[in-house]
Amino acid sequence: MMSKEASEASAKQFIAFVNKAPSPYHVVNECRIKLLNAGFQELKERDHWDIKATEKYFVTRNQSTIVAFAVGGQYQPGNGFSMVGAHTDSPCLKVKPSSKKCKAGYLAVATECYGGGIWHTWFDRDLTVAGRILVKNDDKVTHHLIHVEKPILRVPNIAIHLYRKHNEAFGPNKESELVPILATCVQDELEKPTVVQGGDEDKTSSQSAKHHPALMNLICKQLSVQPDQILDFELCLADTQPATLGGAFDEFIFSPRLDNQVNCFSSLQGLIESSKDKDSLKNEPNIRMVLLFDNEEVGSESAQGAASSLSEWIMRRLCAGTNPVAFEEAVSKSYLVSADQAHAVHPNYSDKHEENHKVGLHKGPVLKFNGNQRYATTAVTAAILRQIADKVNVPLQDVVVRNDSPCGSTIGPILSAKLGLRTVDIGGPQLSMHSIREMCCTTGIQQLNILYKGFFEHFPAVDASTCID
Ligand SMILES: [Zn+2]
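Residues numbered from 1 in each chain as written. Predicted model: local features only at pLDDT ≥ 70, side-chain atom pairs only at ≥ 80, totals over all residues. Heavy atoms only, no water.

**Things to note about the sheet that holds strand β20 (residues 438-441)**
Selection rule: For two strands to pair, DSSP has to find at least two bridges joining them. In DSSP terms, a helix is any run of H or I states spanning at least four residues, a strand is any run of E spanning at least two, and both are numbered starting from the N terminus. Only heavy atoms enter the contact rule, under which two residues are in contact if any of them lie within 4.5 Å. For every element, the axis is a line fit to its C-alpha atoms; helices are fit only across the contacting stretch, and the angle between N-to-C directions ranges from 0 to 180 degrees.
Spatial ordering of the open sheet is given by β11-β12-β20-β19-β15, a layout of five strands whose pairing is mixed. Each edge of the sheet is formed by a strand with only one pairing partner; in this case those strands are β11 (244-246) and β15 (342-343). When β15 meets strand β19 (residues 429-431), the two strands line up parallel, connected through two bridges. Residue pairing in the sheet places H343 in a bridge with Q430 of β19. Helix α7 (residues 258-274) rests against β12 (252-255), β19 and β20 of the sheet, and its axis sits at about 40° to β20.

**A short note on the packing of aromatic side chains**
Under the convention used in this document: Think of it this way: a Phe, Tyr or Trp ring, Trp meaning its six-membered ring, pairs with another when their centres are within 6.5 Å, and the plane angle makes it stacked under 30 degrees, edge-to-face over 60, tilted otherwise. Classification of residues uses two cut-offs on accessible area relative to the type maximum, computed with a 1.4 Å probe and protein chains only: under 20% is buried, over 50% is exposed, and between them is partly exposed. Charge-over-ring placement is defined geometrically: NZ (Lys) or CZ (Arg) within 6 Å of the ring centre, and within 35 degrees of the ring normal.
Scanning all chains against the criterion turns up 13 aromatic pairs. Residues W49 and F69 carry aromatic rings whose centres are separated by 6.3 Å and whose planes lie at 35° to one another, so their mutual orientation is tilted. Taken together, the residues W49 in the loop between β1 (41-43) and β2 (56-61) and F69 in strand β3 (residues 65-71) connect sequence positions 20 residues apart. Given a relative accessible area of 9%, W49 falls into the buried group. Seen from their ring centres, Y163 and F170 are 6.2 Å apart, and the 70° between their planes marks the pair as edge-to-face. Look at Y163 and you get partly exposed, because its relative accessible area is 24%. Judged by its relative accessible area of 23%, F170 is partly exposed. Its guanidinium or amino end placed over the ring of Y114, K94 lies 5.0 Å from that ring's centre, counting from NZ or CZ. Seen from the ring of W49, R317 lies directly overhead, with NZ or CZ sitting 3.8 Å from the centre.

**Some remarks on the coordination of the zinc ion**
As a reminder, the rule being used: Excluding water, the donors of a metal are its N, O and S neighbours within 2.8 Å, or within 3.2 Å for Na, K and Ca, and that exclusion means sites may look incomplete. Irregular is the default label, applied whenever a site is not tetrahedral (four donors, all angles between 85 and 135 degrees) and neither square planar nor octahedral (four or six donors, opposite donors over 155 degrees apart, all other angles between 65 and 115).
For the zinc ion, every protein donor is listed as H87 (NE2), D259 (OD), D340 (OD) and D340 (OD), and the spread of their distances is 2.0 to 2.7 Å. Coordination at the zinc ion is irregular, judged from the four donor atoms that bind it and the angles of 52 to 138° they form at the metal. One chain supplies every donor to the zinc ion, and in sequence these donors are spaced H-x171-D-x80-D. In this pair, H87 is assigned in strand β4 (residues 81-87) and D340 in the loop between β14 (335-339) and β15, connecting sequence segments 253 residues apart. Considered together, H87 and D340 belong to a single accessibility category, that of buried residues.

**Points about the pairing of strand β6 (residues 106-114)**
Pairing of strand β5 (residues 92-103) with β6 involves eight bridges; the strand directions are antiparallel. Bridge pairing in β6 links K101 to A108. Between the antiparallel neighbours β5 and β6 lie two residues, among them A104 with a positive phi of about 50°. Where β6 lies against strand β9 (residues 181-184), three bridges are found, and the strand directions are antiparallel. The residue bridging Y106 from the neighbouring strand is T184, located in β9.

**Quick notes on the pattern of salt bridges**
Rules: We define a salt bridge as a side-chain nitrogen of Lys or Arg found within 4 Å of a carboxyl oxygen belonging to Asp or Glu.
Throughout the structure, instances matching the rule amount to 22 salt bridges. The salt bridge partner of D50 is K52, with a shortest N-O separation of 3.2 Å. With a closest N to O distance of 3.6 Å, D124 and R154 form a salt bridge. Of this pair, D124 sits in the loop between β6 and β7 (127-137) while R154 is found in the loop between β8 (140-147) and α3 (166-169), placing the two residues 30 residues apart along the sequence. On the accessibility criterion, R154 (32% relative accessible area) is partly exposed. Here the residues in one salt-bridge network are R32, E42 and K44, joined through shared partners.

**Brief notes about the packing of helix α2 (residues 24-37) against α7**
To be explicit about the condition: An angle below 35 degrees is treated as roughly parallel, one above 145 as roughly antiparallel, one from 65 to 115 as roughly perpendicular, and anything else as oblique. Here a crossing is called left-handed whenever its near helix is offset anticlockwise from the far helix by less than a right angle, and right-handed whenever the offset is clockwise. All residues other than Ala, Val, Leu, Ile, Met, Phe, Trp, Tyr, Cys, Pro, Asp, Glu, Lys and Arg, Gly among them, are scored as polar; the first ten of these are nonpolar and the last four charged.
Between α2 and α7, the shortest axis-to-axis distance is 11 Å and the interhelical angle comes to 15°. Judged by the angle between their axes, α2 and α7 are roughly parallel. Crossing angle aside, the handedness with which α2 passes α7 is right-handed. Contacts between α2 and α7 involve V27, C31, K34 and L35 on the former and, on the latter, Q261, C264, F265, L268, Q269 and I272. Taken together, the residues of the contact of α2 with α7 break down into seven nonpolar, two polar and one charged.

**Observations concerning the sheet that holds β1**
Spatial ordering of the open sheet is given by β1-β2-β3-β13-β4-β14-β18-β16-β17, a layout of nine strands whose pairing is mixed. The open sheet has two free edges, formed respectively by β1 and β17 (397-399), since each of these has just one partner strand. The average undirected angle you get between the axes of adjacent strands in this sheet is 25°. One ladder, built from three bridges, connects β1 with β2; its direction is parallel.

**A short note on the domain arrangement of the chain**
The cut-off we apply is this: Where each domain starts and ends follows an automatic or database-derived domain assignment. As used here, buried area is the combined drop in accessible area, with a 1.4 Å probe, of two parts when they are placed together. Think of a polar contact as two N or O atoms within 3.5 Å of one another; within protein, one of them needs to be a possible hydrogen donor and the other a possible acceptor, and neighboring residues in sequence only count if both atoms come from side chains.
Considered domain by domain, the chain is made up of domain 1 (4-90 + 256-465) and domain 2 (92-239). The gap between the C-alpha centroids of domain 1 and domain 2 is 33 Å. Taken residue by residue, the interface counts 21 residues in domain 1 and 22 residues in domain 2. Taken together, both faces of the contact between domain 1 and domain 2 bury some 1600 Å²; the carbon and sulfur share is 62%. The interface formed by domain 1 and domain 2 contains zero salt bridges. The interface formed by domain 1 and domain 2 contains nine residue pairs in polar contact (both at pLDDT 80 or more). Per-element tally for the side of domain 1 that touches domain 2: the top contributor is α2, with four residues. Partitioned by chemical class, the residues of the side of domain 1 that touches domain 2 number six nonpolar, 10 polar and five charged.

Quick look at the structure:
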């Protein structure tokens, strides 16, 4: 069914997406561009919404969370929501509010550990910064994305000659040993007259006093602003090595942030492809929705996270009308695919995986089960997705962790508990999750694209035949 060319084409589209998205703000921006190109209209949370059947919309919060939806031609308040949810954030180092450090003749940049990264993988990588900057122009503050597209930072390993236990017990101290260097003090002195723009170093409260001018200068140069115009910023560190196809047969994707940009990309692709023109939405009774949240990697408890009221409020706005219980009726007809990457069996650690649930690359998206509700899948929600996968010819795999193994979690249990929403947890199989560089397969992207498109197209009919209260 799936030609190698087709999988490779989808994989290349994903690679282009992930390479342009080194921070959650960039993920949201890439999604915005795709949505605008596909005829979606941008809404603002603070405005009144006038929603029309067969029209397509999106809204952002904090520029790091985005919700896009297409309204069915037959939609009425009280009808269901067909939803796919994923997350825009990935574990990374973030520049601290005051980052200026000098260590043994080096300019270093203090960083904070965001999420549960495999931090030793950040050593000896050619790093840069990416994120967002708030710039003051006269009396107006504007939001800008920044991505310095060259290697400017590095966390060097300690040589094995000086640390013999490297291969047995390397566990860096996250405060003192995971600090990237930006320059030598010697070079910084030499460059000083030319690098400092504006020369406004007296204002100790300004951002330029809290960070090395060498770093601020790179940022200011790119945005063509003066250092004292910068009110604040949030900067993620990112690897400059671009994602690529790999393996002897180009069947792999070697890439940062597969968790969870694969599902951001594929769910959006599914929504866009399933709602291409008015005809494709003509007979649709539901609202087809993609929700991409920030802060999943740190527990989702933020205004832009899945634990916020954002999803409920958006659903309520779309249920507004003369029926006062339209929202409650809609929830029971709705269904969420909680889309987050899954662990494929690791060839060198295969005993870490449950004997009957060793999922493989190329073998299809993975349904995640956990009796202790770390995942929200039930027999009912799995049965619904199995029928849809069958209709679109995408194989599915099942996974459960060993009883003696820790288990991850997702936005699935959070949203399903909060809204009382039928939810299934799934994701594409991958290796090296939370490493600075992860690995998955080309067919994984294509299979998810097809599955999410199929979900939006087939859910209302499958739901009607699988009504279990
Ligand atoms: Zn994830």
